[in-house]
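What follows is each chain in one-letter form.
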Amino acid sequence: MTVVAIQPHGGERPPKLVVEGLCKRYGATTALEASSLSVGEGEFLTLLGPSGSGKTTLLQLICGLVEASEGRVIIDGRDQSRTPVHQRDIGLVFQHYALFPHLTVAENIAFPLKMRGRAAAEIARRVTDTLEMVHLGHLAQRFPRELSGGQQQRVALARCFVYQPSIILMDEPLGALDKKLREHMQIEIKRLHRESGATIVYVTHDQEEALALSDRICLMNHARIEQLGTPREIYERPRTAFAADFIGISNIFRGTATANGALETAHGLFALPDGARCDDGKGALVIRPEHLHLGAEAGNSVSGTVSEIVYAGSETRIIARLGDGATLVLRLGPGETVPGLDERIVAGWQRDKAVLVS
Ligand SMILES: Nc1ncnc2c1ncn2[C@@H]1O[C@H](COP(=O)(O)OP(=O)(O)OP(=O)(O)O)[C@@H](O)[C@H]1O
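Residues numbered from 1 in each chain as written. Predicted model: local features only at pLDDT ≥ 70, side-chain atom pairs only at ≥ 80, totals over all residues.

Our working definition: UniProt positions are given in the numbering used here, feature names are shortened, and annotations may be inferred rather than shown by experiment.
Labelled according to an unreviewed UniProt entry, the protein appears under the name Putative spermidine/putrescine transport system ATP-binding protein, originating from Bosea psychrotolerans. Looking at the protein in UniProt, the text filed under Sequence similarities (unreviewed entry) is "Belongs to the ABC transporter superfamily."

See the structure below:
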């Protein structure tokens with residue numbers, strides 16, 4: 001078992017949530033290896049990773065739906081590891097909205113406030129404000145069955161935001177919606193986050209959604225934290241080939257380090273970026289498509305045959321086949337000359353544009 005060092009939370013924000021060595025085992029299966037992280041007040045942190053990587057388990061441990069095998073959950077400086085789920089002051093939003101079918105939109109949103117014994121005048125005011133916030137004021141008297149999927153999910157969000165929980169946890173809340181509605185709701189969630197100042201931990205397996213929403217991303221793989229950083233840090237400075245591959249498009253060349261600071265790969269000998277070193281003699285070079293240019297540059301280049309040309313308005317994406325069946329992706333800007341299908345090309349990169357990963 002490896003214990004990951006506590007990762008610093010974003011910026012100067014005081015920590016709202018600290019997870020220390022949290023671990024979950026089900027018999028012989030480890031759903032989450034001992035993991036530590038810290039989430040700042042008002043931060044939007046996304047747990048991102050493939051199916052089965054431990055995202056939901058970590059979320060359930062934070063809210064107390066699942067009991068940890070080891071580790072601690074600290075909220076606002078207090079150890080809440082043994083606090084029951086309903087006493088943790090955490091709001092939950094899941095993929096399936098679970099609205100009360102026999103209550104109107106306004107009554108659904110009022111429900112958590114009534115449960116907490118708030119005064120009628122306060123409930124009325126907060127429900128009105130929250131309905132405004134999610135743009136559902138005109139549908140207050142409808143029942144859930146009279147709403148579209150996107151509207152129902154907005155009610156679910158409102159029902160969570162209305163009582164201003166300390167932390168809001170969301171598990172694939174947009175998973176059941178179609179792509180267009182998802183993108184619209186992402187903007188809504190971003191706005192709700194900004195306007196409410198809530199601390200949010202959000203689970204998704206969709207990297208574009210994670211990039212669009214998050215202050216920081218906690219990338220998970222095989223029941224552990226692979227990398228934690230801002231979207232830009234993970235995109236520009238991935239630490240592993242998995243991180244480079246999971247976030248954005250990457251060209252990855254694996255190889256062995258040579259004595260004079262180069263990487264010997266199946267596609268050629270490439271100079272490493274300044275200061276980069278392979279610790280165990282092996283590594284991989286990651287080159288993003290926008291850093292590849294037609295023609296040899298600074299000695300680092302590969303040759304291939306164009307197999308696909310994808311015109312996408314602001315850019316043209318070229319996919320080329322390399323010698324051993326591997327593919328290469330590069331992006332050409334509007335002014336650049338586009339090669340023809342089946343044409344032989346040489347694509348090069350400046351060595352400092354590549355990132356060495358493990
Ligand atoms: N109650 C359980 N009993 C046994 N194994 C479990 C249980 N819950 C989760 N697991 C296992 O723990 C691992 C992590 O599961 P988890 O649901 O956290 O992954 P996830 O990243 O959220 O996946 P998905 O995106 O598919 O929801 C998986 O291998 C899963 O099979």
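### Some points on the confidence of the model for the protein
Our working definition: Every residue is assigned a pLDDT by the predictor, reflecting its confidence on a scale from 0 to 100. Contact definition: two residues whose C-beta atoms, as placed from backbone geometry, lie within 7 Å.
Looking at the protein as a whole, the pLDDT averages 90, with 96% of positions reaching at least 70. In this model, residues 1–8 is a region of pLDDT below 50 whose contacts with residues beyond four sequence positions or in other chains number 19 contacts. We note a pTM of 0.88 for the whole complex and an ipTM of 0.97 for its interfaces.

### A closer look at the site of the ligand
Note the threshold: Placing a C-beta atom from the backbone of each residue, we mark the residue near a molecule or strand if the atom is within 6 Å of it. In this text, helices come from DSSP runs of H or I with a minimum length of four residues, and strands from runs of E with a minimum of two, each type numbered from the N-terminal end.
The environment of the ligand is formed by Tyr26, Thr29, Ala31, Gly49, Ser51, Gly52, Ser53, Gly54, Lys55, Thr56, Thr57 and His205. Those elements that place two or more of their residues in the shell around the ligand are strand S2 (29–40) and helix H1 (55–63). For the shell around the ligand, the leading source of residues is H1, giving 3 residues.

### Some thoughts on the pairing of strand S8 (residues 199–204)
Heads up, the rule is: The burial criterion counts other C-beta atoms lying within 10 Å of a residue's C-beta, which is placed from the backbone; the residue is buried at 20 or more, exposed at 12 or fewer, and partly exposed between these limits. Here a strand pair is declared whenever DSSP counts at least two bridges between the two strands. Here the term right-handed applies to a crossover when the path leading from its first strand over the helix to its second strand runs clockwise, the strands being oriented away from the viewer.
Across the 6 residues that make up S8, a large majority, 6, are buried. Of the two faces of S8, both are covered, the one formed by Thr199, Val201 and Val203 as well as the one formed by Ile200, Tyr202 and Thr204. Across 5 bridges, strand S3 (residues 44–48) lies against S8 in parallel orientation. Pairing of Phe44 across the sheet is with Ile200, part of S8. As defined by bridge partners, strand S7 (residues 167–171) adjoins S8 across 5 bridges and the pair is classed as parallel. Its bridge partner lying in S8, Asp171 is registered against Val203. Crossover connection from S7 via helix H5 (residues 179–196) to parallel S8: handedness right-handed.

### What about the sheet that holds strand S1 (residues 15–26)?
This is how it is decided: The axes used here are C-alpha line fits, helices contributing only the stretch in contact, and every angle between their N-to-C directions lies in the interval 0 to 180 degrees.
Here we have 4 strands laid out as an open sheet, ordered S2-S1-S4-S5, and antiparallel in their pairing. In the strand order of this sheet, the two ends are held by S2 and strand S5 (78–79), each with one partner. As judged from the 8 bridges shared by S1 and S2, these two strands associate in the antiparallel manner. Of the residues in S2, the one forming a bridge with Val18 is Ser38. The strands touched by H1 within the sheet are S1, S2 and strand S4 (70–75), with S1 carrying the most contacts at an inclination of about 120°.

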